[in-house]
Structures are given as C-alpha cells and as structure tokens.
Amino acid sequence: MQTNADQLIEEMISIMERSTCAVRKFKELSTGQLNYKKDPEQWSILECIEHLNLYGDFYLPEIEKQIQAHKTANPPATFKSGIIGNYFANLMMVKEEKIKKMKSPADKNPSGCQLSVTTIERFLKQQELLKLLLLQARYVDLTRTKAAISLTRLIKLRLEIRFGFLFTILKGMFFRRKSWVLRIITGNRLHPFCDQISVGININDSQFPFLPIGKIDYYIAIVCSFC
Amino acid sequence: MTNAQGFISKLMTAMERAGEEEVISKGEFLVKEGDIERNLYLIVSGAVRVFYLSEFEEQTVRLGYEGSLINSLSSFIKGTPSEFYIEALRKTTFKLISRDQVLQLANEDSASLKQYISLLETLVTQQIDREIDLLITSPSERLKRVLERSPHLFQHIPLKYIASYLRMTPETLSRIRNS
C-alpha cells in the first residue's frame with residue numbers, strides 16, 4: 001500500500017514536471033495567440049489556464065491543510081469523515097462560485113484581454129506549490145506508517161473525487177461547448193487513471209491553430225496534473 | 001527643501017534633459033518577475049502598480065501615478081531578478097534614468113551624496129510606514145493612513161487596486177469609504 005502511494009506520488013510529480021515545462025513554452029506565444037478564440041464560445045489558452053488556476057485556488061490550500069493535519073501526532077478519530085464531508089460540500093460550493101467567475105468575464109469581455117502572461121506565471125507557481133505538497137506527502141508516508149495508510153486512502157479518495165469533479169467540469173464544458181478543452185481532457189493519451197473517461201478523440205484535430213501536433217501532449221499533461 | 005527632495009529634483013532634471021518619453025498601454029509591463037531592474041521611472045502621465053504574484057493572487061504593493069518615481073527597488077539595488085511586476089493601469093507615459101546614471105549623480109560631489117543617502121533614509125522610513133499599515137487591523141484606519149500620505153489616490157488609481165494595496169476586498173473598501 002505504501003508502495004502504491006509512493007508510486008502515485010512519483011508519477012504525479014513527473015507528470016507535473018512535464019506540464020510545468022509545457023506551460024513555460026506558452027510564454028513564448030504572443031498575447032494575441034494566448035487570447036485567440038476560434039469563436040466566442042471557445043476558450044482561449046489563457047482562459048483554460050485560468051480555469052485551472054481557479055481550481056488550484058481551492059485545491060491547494062485544501063491539500064496543504066490535510067497534509068499538515070496528518071503531520072500532527074494524534075489526528076482526531078472522526079477527522080477523516082469530517083474532511084470528506086466538508087470536501088464534498090466545498091466541492092459543490094466552489095463549483096458554483098467558479099461558474100459564476102468564469103461566466104462574468106467572458107460575458108463582459110469576449111476578447112479575454114483581461115488575462116495576461118501572469119495567468120501562466122500563477123499556474124506555474126501553483127504547480128511548484130503542488131509539487132512541494134506532494135513531496136511532503138511522501139515524507140509523511142515514509143515516516144509514519146499509520147498516517148501513510150490513511151493518507152494513501154485519502155489520496156485515492158481524492159483522486160476519485162477529483163474524477164467525479166472532472167466529470168462535472170466536463171459536463172459543464174460540454175453544455176457550454178468548450179469543445180477543445182473537452183478534447184484535451186478526453187484525449188487518448190491520458191494519464192492511466194483517466195482511462196475511464198478516455199473516449200479516444202483524434203488529437204490531430206485542427207482545433208489548435210498555433211500549436212504543432214506534438215504540443216497536444218503538453219495540453220494533456222497540464223490537465224493531467226490536476227487529475 | 002529637504003536633502004531627499006533635493007536629490008529627487010536632480011533626478012527629475014536629469015530625466016527631463018536626457019530622456020525621450022516612452023509610452024506603454026494598459027496591461028503592458030514595465031518590469032516582469034525575473035527581469036533585472038536597471039532603471040528608475042518617472043511617471044509623466046497615467047498610472048502603474050507594482051504587484052507580487054503569489055499562487056493565488058496578485059498582491060499590489062505599490063502604486064504610482066503622475067509625478068511618481070517608481071521601480072522594482074530591491075532588484076534595482078541588488079541587481080537580482082525582480083520579485084515584482086510593474087503593470088500599466090492605463091496608457092502611461094514615463095521617462096527613465098539608468099542605475100549607473102543615478103549613481104553618477106549621487107557621486108558628483110559630497111552634497112549630492114548626502115542628498116542621496118537622505119533619499120535612501122526616506123525610503124527606509126516609508127517602507128516601515130507601509131509595514132505598519134499592514135499590521136493595523138482596522139480597515140478604516142489603514143485607509144486613513146494611506147490617504148494622509150496620498151490624498152489624491154482615488155483620483156488616479158482604480159478602486160480595486162487600492163483595495164489590494166490595503167489588503168481588503170473592494171467591497172470592504174467602498175463600504176468604509178462611504179461610511
């Protein structure tokens with residue numbers, strides 16, 4: 001079980017490193033390219049990244065809190081279910097807030113020029129923090145067997161929840177016809193944990209006007225880092 | 001005229017003489033995180049903000065408008081990569097002077113050097129004032145202190161950036177302004 005957790009963490013870190021690398025490359029694109037939309041219904045690259053940032057705003061403090069909690073000697077016995085309950089509750093809350101947030105700038109400003117290269121920087125910082133947290137999670141694993149077990153379960157649970165969440169996002173995107181994000185997320189070269197939602201979309205699709213096909217991998221990696 | 005102001009007017013004269021005005025439009029950056037700051041800027045018109053980007057937000061740490069001297073100070077002094085961004089809040093015209101030129105002015109004679117030291121001292125005390133700002137719990141007290149230093153802030157800077165500077169939500173800021 002501990003090995004599983006270790007492997008999982010290793011894997012997530014390596015995926016994150018790839019995505020960090022990938023997003024750095026976006027900085028080379030011009031503001032026009034970063035804000036480009038094929039039609040107003042679609043999201044620009046920056047809007048997609050900002051979308052992930054908004055989730056990071058919620059997830060990262062949450063993950064940090066849980067890792068910190070597991071470092072204390074005696075976590076209360078009822079703690080676990082409490083977290084999970086809260087987690088679900090918060091999940092719904094964030095979802096609503098999120099949709100509101102994304103909607104209003106898109107309505108007010110279809111060209112999306114409110115977002116700048118700092119959106120990318122913020123994403124990269126979130127990635128760094130997530131990496132740090134994952135490293136800490138591994139440390140907790142190795143040093144406290146007891147914590148390790150519950151942490152493993154937590155991570156698995158988190159993943160499941162995240163997938164549940166991802167489905168929600170997917171659904172939302174589907175309804176709003178954010179098709180290219182959908183394609184990225186459901187691309188056929190997905191993280192193994194994503195298999196259940198993989199639908200084998202053709203990644204050579206010409207939805208990505210500026211990016212050679214190889215870079216689709218980057219897109220997938222970005223999203224996977226949040227899976 | 002205090003010594004510090006003496007050096008500021010020297011800087012301004014040097015900039016007026018030397019530099020052509022440069023213009024950046026809203027949303028463009030004078031400095032980005034990771035850049036090395038080699039200049040000091042004088043805002044001729046428009047407005048800028050200096051902000052620190054964390055994982056979760058852009059925290060405004062300084063605001064500049066017509067007549068302000070501004071830059072990413074620690075990078076300017078130490079030659080290390082800037083921790084901050086400087087962004088134009090609207091179309092902004094500015095002049096600049098390089099670090100070398102500033103040091104040259106400071107080292108012209110002993111009077112200039114004294115003035116330069118005095119300017120640095122002023123900056124240190126301003127920084128402490130700012131630190132106290134952030135320690136004060138009451139939002140209205142924080143606003144009061146800032147308005148004492150910069151009475152015309154609201155004429156130059158959009159409310160949401162002032163709110164960020166004061167570490168409060170725009171809603172809180174407009175509430176305490178109206179009460």
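Residues numbered from 1 in each chain as written. Chains lettered and ligands numbered in written order. Predicted model: local features only at pLDDT ≥ 70, side-chain atom pairs only at ≥ 80, totals over all residues. Heavy atoms only, no water.

K.L.:
What should I look at first to understand the pattern of salt bridges in this one?
P.N.:
Per the stated rule, a full pass over the model turns up 9 salt bridges over all chains. Across the salt bridge formed by E33 of chain B and K125 of chain A, the nearest N and O atoms sit 3.1 Å from each other. Of this pair, E33 of chain B sits in the loop between strand 2 (29–31) and strand 3 (39–45) while K125 of chain A sits in helix 5 (residues 117–143), which puts the two residues in different chains. With a closest N to O distance of 4.0 Å, K144 of chain B and E141 of chain B form a salt bridge. You can see K144 of chain B and its partner E141 of chain B sitting in helix 5 (residues 139–149), 3 residues apart, about one turn around the helix. (Salt bridge = Lys/Arg side-chain N within 4 Å of Asp/Glu carboxyl O. Helix = DSSP H or I, 4+ residues; strand = E, 2+ residues; numbered from the N terminus.)

K.L.:
Whenever I open this one, the packing of aromatic side chains confuses me. Can you help?
P.N.:
Given two aromatic rings, their pairing is described by the distance between the two centres and the angle made by the two planes. What the rule picks out here adds up to 6 aromatic pairs over all chains. On the basis of an interplanar angle of 55 degrees and a centroid distance of 6.4 Å, the ring pair of F29 of chain B and F51 of chain B is categorised as tilted. Taken as a pair, F29 of chain B in strand 2 and F51 of chain B in strand 4 (residues 47–53) lie far apart in primary sequence, 22 residues in all. Look at F29 of chain B and you get buried, because its relative accessible area is 17%. Look at F51 of chain B and you get buried, because its relative accessible area is 1%. Among the aromatic residues, those joined into a cluster by ring pairs are F29, F51 and Y85 of chain B. Above the ring of Y52 of chain B, the side-chain terminus of K125 of chain A is found at 4.9 Å from the ring centroid. The ring of Y165 of chain B carries R130 of chain B above its face, with NZ or CZ at 3.9 Å from the centroid. (Phe/Tyr/Trp six-rings, centres within 6.5 Å; stacked < 30°, edge-to-face > 60°. Buried < 20%, exposed > 50% of the residue type's maximum accessible area, 1.4 Å probe, protein only. Lys NZ or Arg CZ within 6 Å of the ring centre and 35° of its normal.)

K.L.:
When you look at the sheet that holds strand 8 (residues 92–98) of chain B in this model, what are you seeing that I'm missing?
P.N.:
Two orientations exist for strands paired in a sheet by backbone hydrogen bonds: parallel and antiparallel. All names here are of chain B. Pairing is antiparallel in the open sheet, where 4 strands are placed in the order 1-8-3-6. Edge strands, defined here as strands with exactly one partner in the open sheet, are strand 1 (22–24) and strand 6 (69–70). Direction of pairing for strand 3 relative to strand 8: antiparallel, over a ladder of 6 bridges. Opposite L40, over in strand 8, you have I97 as the bridge partner. Relative to the sheet, helix 1 (residues 3–18) contacts strand 3, strand 6 and strand 8, its axis offset from that of strand 8 by approximately 105 degrees. Packed onto the sheet, helix 3 (residues 99–106) meets strand 3 and strand 8 and runs at close to 60 degrees relative to strand 8. (Pairing = 2+ DSSP bridges. Contact = heavy atoms within 4.5 Å. Axes fitted to C-alpha atoms, helices over the stretch in contact; angles between N-to-C directions.)

K.L.:
Just to check I follow, could you spell out the confidence of the model for chain B for this structure?
P.N.:
Detailed reading of the predicted coordinates is not advisable wherever pLDDT falls low. Considering every residue of chain B, the mean pLDDT works out to 92; 99% of them sit at 70 or more. The ipTM value of the predicted complex is 0.71, and its pTM value is 0.66. (pLDDT = per-residue confidence, 0-100.)

K.L.:
Explanation requested: the interface of chain B and chain A in the structure shown.
P.N.:
A common way to express how large an interface is: the accessible area buried when the components associate. Each partner contributes residues to the interface: chain B has 12 residues there, and chain A has 12 residues. Around 940 Å² of area is buried between chain B and chain A when both sides are counted, 63% of it from carbon and sulfur atoms. Contact with chain A buries surface across chain B, with L53, E55 and F56 of chain B losing the most and accounting together for 61% of the total. Applying the counting criterion to the chain B and chain A interface returns 1 salt bridge. Summed over the shared surface of chain B and chain A, the result is 6 residue pairs in polar contact (both at pLDDT 80 or more). Looking at which element gives the most residues to the side of chain B that touches chain A, the answer is strand 4 of chain B, with 3 residues. (Buried area = accessible area lost by both parts, 1.4 Å probe. Polar contact = N/O pair within 3.5 Å; in protein donor to acceptor, adjacent residues only side chain to side chain.)

K.L.:
Just to check I follow, could you spell out the packing of helix 4 (residues 110–135) of chain B against helix 5 of chain B for this structure?
P.N.:
How two helices sit against one another is set out by the angle between their axes and by the gap between those axes. Residue and element names in this part refer to chain B. Put simply, helix 4 and helix 5 touch, their axes get as near as 9 Å, and they point 155 degrees apart. What the angle tells us is that helix 4 and helix 5 run roughly antiparallel. Remark: the crossing between helix 4 and helix 5 carries left-handed chirality. Contacts between helix 4 and helix 5 pair D129, I132 and D133 from the former with R142, R145, V146 and R149 from the latter. (Parallel < 35°, antiparallel > 145°, perpendicular 65-115°, else oblique. Left-handed = near helix turned anticlockwise from the far one by under 90°.)

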